[in-house]
Amino acid sequence: MPGVGDPQAFLKLSLARSVRREPADAAGATTIVKRFQSPGPLGFMRDKARAKREFELLQWLHARRVPVPEPLELRRRDGAWEVRMREIPAAVRLESVLAGEHGSTLAIERLASQLGQLLAGLHEAQVFHPDLHAGNALVGGEGKVYGIDFHKARRVSWTAQLLRAQWVCLEATARESLARNWRRRVLAAWRSKVGADLERLYQVALVQPALPSWLQEARNLRRANVHRRRLRFVRESSACRASSQPEFPGWMRRDLDDLDWHWLADEARASRQAQGGPHSRAILRAEAVLGRPCTLAVLSAPESKTLLPAWLTSARTLEHGLAGAVPLAFCTGTPAMAVFELRASPARPFKPAIQPRSLSAQLGALAGSHYQCGVAPDWSQSDCLLDTQDGPMLGPLQGLVYDDGPAAPAAQRWLAACLRWDPRLALGTKLERLEFLHAFLDQTECSAAERDDIRQAFTRG
């Protein structure tokens, strides 16, 4: 966690909320303060309701020995509402432990069991948490998993419909970051701890063969949430801020500073002048921007509305954690300019590839990761694929389409697009087709039947 050495360190800071650590009291106990600070009178009223809900739910759950922070006080301070709670000693976020940080020796299976038990405790206490994911759970120093962030949660009387909605929410937040087998262990641990009433509702809500797949419902919810969250990149948010430079009006990602924005603008102007017109595309290698070497794609056009679809699509790419062009800076002046960071995909939780990988395997992994998210490029767009130092990835796109069809045709569409991109890839050879296929399947959660279909399709082809 950042700033743990500072007793007043902010553990989280956004426009609407912050979480900070206060100095230890006389007994040596440390307090965590969650502050609700949305701007405007309507935001203040919403904050009051959310702070009150969080405090009361923590009281309710702590009294029932569900692993959550101990609530201390609900207070209004300096024009905002705050919830004070006891710090969980040596706590770190579950997502960072699962990513291998902190040198944890905790068994992954044990963490799955702990999270399942936490969920069972919440549900037996009749609490619906719509946003409990690995970033909203803590692992204490003793290895126990704790739930946090209850300002959107609520108490309910469980029905089959509500229980299904809860598991769809949980699956939607976890399906792109946690392996399916690990998620199954969480569900198994939950079933081992809940009572007969919740088990009966589980059978009705999720097991009945007549019902549509709740896993597909979760993928639909995840895509809808990502589509909604793309708008954070055209307003003040935790992801994006307005440019403070009058000569460069627009938006920039929060990790880009004004000096880097000036450098980018100068480079884009030089590229546009070299091409002799307001429309331009350029790939830049920057050694200093963002504090690390990075590859940038720069688009220029007479009007910002021409670039806006690509900017919003890149926000979706970032939210899904896909390799490709992700948003960096967007100038709405005349001519307009959009700058994208070409980012390799982070390690996905399914079957990490053994390095080094062939180009055909890299393309297969790119295709499979998109299919796992249920999206694909509109292949009518030209110059979709780029060759970068981090491997092949998608450049700035005007849009993504939903891909809910079978895996085999999806993989074949990607394969055909790769061949159009560079016929020299020779992906028609048996070896490279197999490399593409295995990398595709390693990045997806296809069923056994789907895997057989795709293997047969590739064998016949």
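A few points on the structure. Here the structure is a predicted model, which is why all the values come from computation and not from measurement.

As a further point, take the overall build of the protein chain. Helix and strand counts for the protein chain come out as 13 helices and 20 strands. Within the protein chain, buried positions represent 51% of all 461 residues. Sequence separation of 24 or more characterises 62% of the internal contacts of the protein chain that already satisfy a separation of 6 or more. Accessible surface computed for the protein chain: about 21,500 Å², of which carbon and sulfur atoms make up 53%.

In this structure, Ala315 sits in helix α9 (residues 304–320). Along the sequence, Ala315 and Leu328 sit 13 residues apart, while their C-alpha atoms lie 9.4 Å from each other. When sequence neighbours within four positions are dropped, the list of residues in contact with Ala315 reads Arg230, Phe233 and Pro327.

Bringing the sheet that holds strand β3 (residues 31–36) into the picture now. Across the sheet, which stays open at both edges, the 5 strands sit in the order β1-β2-β3-β5-β4 with antiparallel pairing between neighbours. Two strands lie at the open edges of the sheet, namely β1 (10–13) and β4 (71–77), each paired on one side alone. Neighbour-to-neighbour, the strand axes of the sheet open up by a mean angle of 15°, direction not taken into account. Across the face of the sheet, helix α1 (residues 41–63) comes into contact with β2 (17–22), β3, β4 and β5 (80–86) while running at roughly 165° to β4.

Enumeration according to the criterion identifies 7 aromatic pairs in this entry. Their ring planes at 80° and their centres at 5.4 Å tell us that Trp167 and Trp190 sit as a pair that is edge-to-face. Here Trp167, found in helix α4 (residues 160–174), pairs with Trp190, found in helix α5 (residues 180–193); they are 23 residues apart in sequence, far enough to count as distant. With relative accessibility at 0%, the residue Trp190 sits in the buried group.

A separate point is the packing of α4 against helix α6 (residues 196–207). Two elements in contact, α4 and α6, have axes whose closest approach is 8 Å; the angle formed by their N-to-C orientations is 75°. By the criterion of interaxial angle, the relationship of α4 to α6 is roughly perpendicular. Packed against α4, whose contacting residues are Ala160, Leu163, Arg164 and Trp167, the element α6 presents Leu198, Leu201, Tyr202, Val204, Ala205 and Leu206 at the interface. Considered class by class, the residues forming the contact of α4 with α6 number 9 nonpolar, no polar and 1 charged.

End to end, helix α10 (residues 359–373) covers 22 Å across 15 residues, agreeing with the expected 21 Å (1.5 Å per residue, within 8%). Backbone geometry just after α10 places Gly374 at a positive phi near 75°.

Read from one edge to the other, the open sheet built from 3 strands follows the order β6-β8-β9, with strand pairing classed as antiparallel. This sheet does not close on itself; its edge strands, each paired only once, are β6 (92–93) and β9 (145–147). In this structure, β6 lies alongside strand β8 (residues 137–139), joined through 2 bridges in antiparallel fashion. Residue Arg93 lies in a different strand from β8, and its bridge partner there is Leu138. Contacting β8 and β9, helix α3 (residues 108–124) crosses the sheet at an angle of about 35° to β9.

In this section: the environment of Leu13. One can find Leu13 in strand β1. Residue Leu13 is classed as exposed on the basis of its relative accessible area, which comes to 58%. Counting along the chain gives 21 residues from Leu13 to Lys34, while the straight-line C-alpha distance between them is 9.9 Å. Apart from residues lying up to four places away in sequence, Leu13 is in contact with Ser18 and Gln37.

For α3, which comprises 17 residues, the first-to-last C-alpha distance of 24 Å matches the rise-based estimate of 24 Å (1.5 Å per residue) to within 8%. Those residues of α3 not exposed but buried are Leu111, Ala112, Gln114, Leu115, Gly116, Leu118, Leu119, Ala120, Leu122 and His123.

Rules behind the numbers
Residues numbered from 1 in each chain as written. Predicted model: local features only at pLDDT ≥ 70, side-chain atom pairs only at ≥ 80, totals over all residues. Heavy atoms only, no water. Helix = DSSP H or I, 4+ residues; strand = E, 2+ residues; numbered from the N terminus. Buried < 20%, exposed > 50% of the residue type's maximum accessible area, 1.4 Å probe, protein only. Contact = heavy atoms within 4.5 Å. Areas by Shrake-Rupley, 256 points an atom, 1.4 Å probe, with all protein chains shown as cover. Pairing = 2+ DSSP bridges. Axes fitted to C-alpha atoms, helices over the stretch in contact; angles between N-to-C directions. Phe/Tyr/Trp six-rings, centres within 6.5 Å; stacked < 30°, edge-to-face > 60°. Parallel < 35°, antiparallel > 145°, perpendicular 65-115°, else oblique. Nonpolar A, V, L, I, M, F, W, Y, C, P; charged D, E, K, R; others polar. Expected span 1.5 Å × (residues − 1).

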